[in-house]
Amino acid sequence: MVTRSEILVRGIVQGVGFRPFVYTQASRLDLRGRVRNNTTGVLIEVEGNHGDIVQFVTDLKANAPPLSTIESVECNHYLEPADYSDFAILESAYEADDIGGDEHFVPISADVATCDDCLRELFDPQDRRFQYPFINCTNCGPRFTIIEDIPYDRARTTMREFEMCAECRAEYEDPLNRRFHAEPTACSVCGPRVFLSEPTALAGGVSASNPPAHAGGSDNVISAARGLLLSGKILAIKGIGGFHLACDALNSEAVERLRQQKYREDKPFSLMAASVAIIKEHCLASQEEEELLLSERRPIVVLGRKSGSTIPRAVAPGLNNLGWMLPYSPLHHLLLKGLDRPLVMTSGNVSDEPICFGDEQAVNRLGKIADYFLLHDRRIHMRTDDSVTRVQGGRETVLRRSRGYAPEPIRTGVRFETQILACGAELKNTFCFTRDNYAFISHHIGDLENLETLRSFTEGIGHFKRLFHLRPEVVAYDLHPEYLSTKYALGINDISTKIPVQHHHAHIASCMADNEIDGEVIGVALDGLGFGTDGRLWGGEFFVADFVEAERIAHLVEVPMPGGAKAIREPWRMAAVYLQQTFGDEFLNLDLPFVKELEPRGWPTLRSMIATQTNCPETSSMGRLFDAVSSLIGVRSQVNYEGQAAIELEAMADRDCAQSYEFGIGGNGKLIEAHDVVHAAVSDLLSGTSPSVVSAAFHRAVARLIATIAEQAREERKLNRVVLSGGVFQNQLLLRQTIELLRRSGFEVFTHARVPTNDGGISLGQASIANARIKLGRI
Ligand SMILES: [Zn+2]
Ligand SMILES: [Zn+2]
């Protein structure tokens, strides 16, 4: 007997070849019916023998296309047959109500690296897309960066400006073609083109109708660009989510010049190589790291540098790691084809500004840095930086979550009854929306310290609201009154429920949500700075916490931070403070190179600032203690990017040293004193101990401190789960030692994986806490 079933598939099922897949599955079982996208997912009607329909549903789940994620399959069986004569794929049909409505939403795929099928065609001289730099299909290509609105159809992407030629259209409309409804599909006849130009020639603007002088066949343009790179030129290259600045990574003169012109004195540059083999000439890569490099997300993977590497030090000064990625767009593949050397491919921005993504903006901002521009005329709608990840303890840990990851929602094990907008922190900002079972964490926005980044933040929020039909009823924000994200939250007029969340509590909650755990835990939040509930600047914090509350059970004893933000940029100030705290003013008699430099640096002024408590906010920050030790040892007195002193302190630590200093714990186990650590470090330095040993002994002291406080908390509270979060845990040496000690002591340890341990994870923590408080009515 013939029956009909309606099947609704939810999840990431649009723009990933799901309808052709459904068509094939149905045809195989000789089922008739219809499939179409709607604002909830993919809606299927099938008609035939009920046993075959059940088989069809099983097949759907078992064989779903590689880029899809099925969240649920709802079936409505035994309906009256509609007497379909075939199985047809329908255009995305949306009822007028659906489009503006809030009821439904469909997750959107992130941008996906070029697939193997497309790569084969790209390098096949017989293929009509041979060497076409914008080749893609339903399994690969740009998505989030070109989507202007939903439903995901070509007309709502930046590809709408290119009318398909007859051949492309035929493929696009053929349900059995692998480009069936591949929205960004194109070819050299009808699609985007590349141009190579000097900056001066671009002054009048760039457009398809006004191509610059060097436009030509894409193969000529790209080989000319490669030639320029090999001759030492700096190129601004338009990519998927923005511009890169590129040069030959083995040409130290070019690297130095790029560094100077970008005003990026020391921040590491990322690298791109044609193959894993080239990367392995310079860095060690485990099986997991290799898989991550090759994954369709194509993040930058941070790898340990080999001692024999010929990459100039100027690529990543003071570090023994390098960040690598493999080509992820066809343009990259063509540019790097056959290239035996890596390229520097760093974000196309000036200093700390966000990455450039519009042509004119890029020409204006990067015109003085780049010798040439390699452009194309496909617009980028949403800027996204490259994501940065690494492998920690055998699993991926995301350090910057952006291209290839965003806007894919994260499941946290929690159901969000209310839609929440969490505005995040100041540095490495992300925002986060919640809806149903999802947390939509934004792409990396950057440091909210200038207007351009703030614009990126507010536009990003608007875009997410549109894409996912979000209408938040609650806004969560950081306690810091000066954060631009806080000011934004407080300035929203149409949401009355606003929930402030303490920064370090948000860190712990973020790591709990990342690991899908709930209930009380021992939380260790170590970072640079965050606003405390007592109005002081926290950062060396131990809690007993859950999603609702955080009780501060121990913290570093506060010290003055003379000059406020200036003390962050000048770690010598923190070193002087810790010496004074430990030895009194007698510290000036210590026979250390550091002490001798204090007078000219301005210690007398600092001293009176401390004495009169002028512009000396108090802080319990662990990040600042790392700064102090780094400066004391002579590693770094001034920093050119956030965390630099601590990062270089880690890099120089003797990996084989088992020595450790010891923190003092007073105030009934609540107050952590650094005096003993500073004292021991000074004695070692005075007796000629190598700074690499001092660094190692300091790292181990922090790891042991964490274990000691955790053991104390276990005894008092009967808790056995320890959650580690905060920017300080980007320090791999510290993290590894801490995990080791805690596990040896029988603790269950949770660290970050899907969201960053730094402030990029704060928005998820804020959202999780707000959600828990709403459920309890504690707002
Ligand atoms: Zn493809
Ligand atoms: Zn075409």
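This text goes with the structure placed above it.
Residues numbered from 1 in each chain as written. Chains lettered and ligands numbered in written order. Predicted model: local features only at pLDDT ≥ 70, side-chain atom pairs only at ≥ 80, totals over all residues. Heavy atoms only, no water.

Next up on the list: the overall build of the protein chain. Helix and strand content of the protein chain: 25 helices and 29 strands. A compact globule built from 779 residues would reach a C-alpha radius of gyration of about 28 Å, and the protein chain, at 28 Å, matches this within 12%. Principal-axis analysis of the C-alpha atoms places the extent of the protein chain at approximately 95 × 65 × 50 Å. Within the protein chain, buried positions represent 61% of all 779 residues. (Helix = DSSP H or I, 4+ residues; strand = E, 2+ residues; numbered from the N terminus. Rg over C-alpha atoms; globule rule 2.2 N^0.38 Å. Buried < 20%, exposed > 50% of the residue type's maximum accessible area, 1.4 Å probe, protein only.)

Take helix α24 (residues 732-744) next. A rise of 1.5 Å per residue sets the reference length of α24, with its 13 residues, at 18 Å; its end C-alpha atoms lie 18 Å apart and thus fit the reference within 8%. Every buried residue of α24 is listed here: Gln 732, Leu 733, Leu 734, Leu 735, Gln 737, Thr 738, Ile 739, Leu 741 and Leu 742. You can read the cap of α24 off the contacts: a side-chain oxygen lies 3.2 Å from the backbone nitrogen of Leu 733, and it is on Asn 731. Of the residues trailing α24, Gly 746 is marked for its positive phi of about 90°. (Expected span 1.5 Å × (residues − 1). Polar contact = N/O pair within 3.5 Å; in protein donor to acceptor, adjacent residues only side chain to side chain.)

Take the coordination of the zinc ion (ligand 1) next. Each pair of donors in an ideal four-coordinate tetrahedral metal site encloses 109.5 degrees, whereas pairs in an ideal six-coordinate octahedral site enclose 90 or 180 degrees. Looking at the zinc ion (ligand 1), one finds its protein donor set to be Cys 115 (SG), Cys 118 (SG), Cys 137 (SG) and Cys 140 (SG), positioned 2.2 to 2.3 Å from the metal centre. Around the zinc ion (ligand 1), the 4 donor atoms are arranged such that angles at the metal cover 104 to 118°; this shape is classified as tetrahedral. Counting the intervening residues between successive donors of the zinc ion (ligand 1) yields the motif C-x2-C-x18-C-x2-C. Placement of Cys 115 in the loop between α3 (96-100) and α4 (116-122) and of Cys 140 in the loop between α4 and α5 (166-173) is noted, with a sequence separation of 25 residues between them. We note that Cys 115, like Cys 140, is buried. (Donors = N, O, S within 2.8 Å, 3.2 Å for Na, K, Ca; no water. Tetrahedral: all angles 85-135°; square planar, octahedral: opposite > 155°, others 65-115°.)

Taking strand neighbours across the sheet as the criterion, the 5 strands line up as β16-β18-β17-β19-β20 in an open arrangement whose pairing is mixed. Edge positions in the sheet fall to β16 (410-416) and β20 (497-501), since each has one partner strand and no second. When the angles between neighbouring strand axes are averaged without regard to direction, this sheet yields 30°. Sheet topology places β16 next to strand β18 (residues 432-441); 3 bridges connect them, and they run antiparallel. By the bridge assignment, Arg 411 is partnered in β18 with Tyr 438. (Pairing = 2+ DSSP bridges. Axes fitted to C-alpha atoms, helices over the stretch in contact; angles between N-to-C directions.)

As summarised here, the arrangement of the 10 strands in space is β6-β13-β7-β8-β12-β9-β11-β10-β14-β15, forming an open sheet in which the pairing is mixed. With one partner strand each, in any of the chains shown, β6 (194-197) and β15 (395-400) form the two edges of the open sheet. Averaged over all neighbouring strand pairs, the angle between strand axes comes to 35°, with direction disregarded. In this structure, strand β14 (residues 388-392) lies alongside β15, joined through 5 bridges in antiparallel fashion. Residue pairing in the sheet places Arg 390 in a bridge with Thr 397 of β15. Along the sheet, helix α6 (residues 218-230) makes contact with β6, β7 (235-238), β8 (243-248), β12 (343-347) and β13 (372-376), crossing β6 at roughly 40°. (Contact = heavy atoms within 4.5 Å.)

Right, let's get into the pairing of strand β28 (residues 721-725). Of all 5 residues in β28, 4 are buried, a share of seventy percent or more. Taken together, the 4 bridges between strand β21 (residues 521-531) and β28 define a ladder with parallel strand orientation. Among the inter-strand pairings, Gly 523 is bridged to a residue of β28, identified as Val 723. Of the strand pairs in this sheet, β28 and strand β29 (residues 748-750) are connected by 3 bridges, and their pairing is parallel. Bridge pairing links Arg 721 to Glu 748 in β29.

Met 622, Phe 663, Phe 698 and Leu 724 are the most contacted members of the largest nonpolar core, which totals 75 residues. A per-element tally of this core places helix α23 (residues 691-717) first, with 12 residues. Met 622 has contacts with Leu 526, Asp 527, Gly 539, Gly 540, Leu 556, Phe 663, Val 702, Leu 705 and Val 728, leaving out every residue within four places of it along the chain. The next biggest cluster of nonpolar side chains, apart from the first, holds 65 residues, and it includes Leu 29, Cys 140, Met 159 and Met 325. (Core = buried A, V, L, I, M, F, W, Y, C linked by side-chain atoms within 4.5 Å.)

Before going further, it helps to examine the environment of Leu 293. Here Leu 293 is to be found in helix α9 (residues 287-294). Sequence separation of Leu 293 and Ile 279 is 14 residues, and the distance between their C-alpha atoms is 10.0 Å. With near-sequence residues (within four places) excluded, Leu 293 lies in contact with Ile 279, Arg 298, Val 301, Leu 303, Trp 324, Met 325 and Leu 326.

Let us now look at the pairing of β7. Every second residue of β7 is oriented toward a common face, with Leu 235 and Ile 237 on one face and Ala 236 and Lys 238 on the other, all of them buried. Note that β7 and β8 share 4 bridges and pair antiparallel. Paired with Ile 237 across the two strands is His 244, which belongs to β8. Linking two consecutive strands that pair antiparallel, namely β7 and β8, is a turn of 4 residues. Pairing between β7 and β13: 3 bridges, direction parallel. When the bridges of β13 are listed, Ala 236 appears paired with Phe 373.

Examined against the element boundaries, Phe 583 turns out to sit in helix α16 (residues 572-583). Residues within four places of Phe 583 in sequence aside, it is in contact with Leu 590, Val 678, His 679 and Val 682.

With that settled, consider the coordination of the zinc ion (ligand 2). At this site the zinc ion (ligand 2) is bound by Cys 165 (SG), Cys 168 (SG), Cys 187 (SG) and Cys 190 (SG), with donor distances of 2.3 to 2.4 Å. Around the zinc ion (ligand 2), the 4 donor atoms sit at angles spanning 105 to 116°, and that spread fits a shape best called tetrahedral. For Cys 168, a relative accessible area of 0% translates into the label buried.

Enumeration according to the criterion identifies 16 aromatic pairs in this entry. Between Phe 431 and Phe 464, the aromatic rings sit 5.2 Å apart at their centres with planes inclined by 85°, giving edge-to-face as the arrangement. Here Phe 464 lies in helix α12 (residues 451-467) and Phe 431 lies in the loop between β17 (420-422) and β18, a separation of 33 residues in the sequence. Each of the two residues, Phe 431 as well as Phe 464, counts as buried. Between Phe 626 and Phe 698 the ring centres are 4.8 Å apart and the planes differ by 70°, which places this aromatic pair in the edge-to-face class. On the criterion of sequence distance, the pair formed by Phe 626 in helix α20 (residues 622-633) and Phe 698 in helix α23 is long-range, its members being 72 residues apart. Grouping residues by exposure puts Phe 626 and Phe 698 together as buried. Chaining the aromatic ring pairs together yields one cluster made of Phe 144, Phe 431, Phe 433, Tyr 438, Phe 440, Phe 457, Phe 464, Phe 468 and Tyr 488. The ring of Tyr 328 has Arg 403 lying over it, and the distance from NZ or CZ to the ring centre is 3.4 Å. (Phe/Tyr/Trp six-rings, centres within 6.5 Å; stacked < 30°, edge-to-face > 60°. Lys NZ or Arg CZ within 6 Å of the ring centre and 35° of its normal.)

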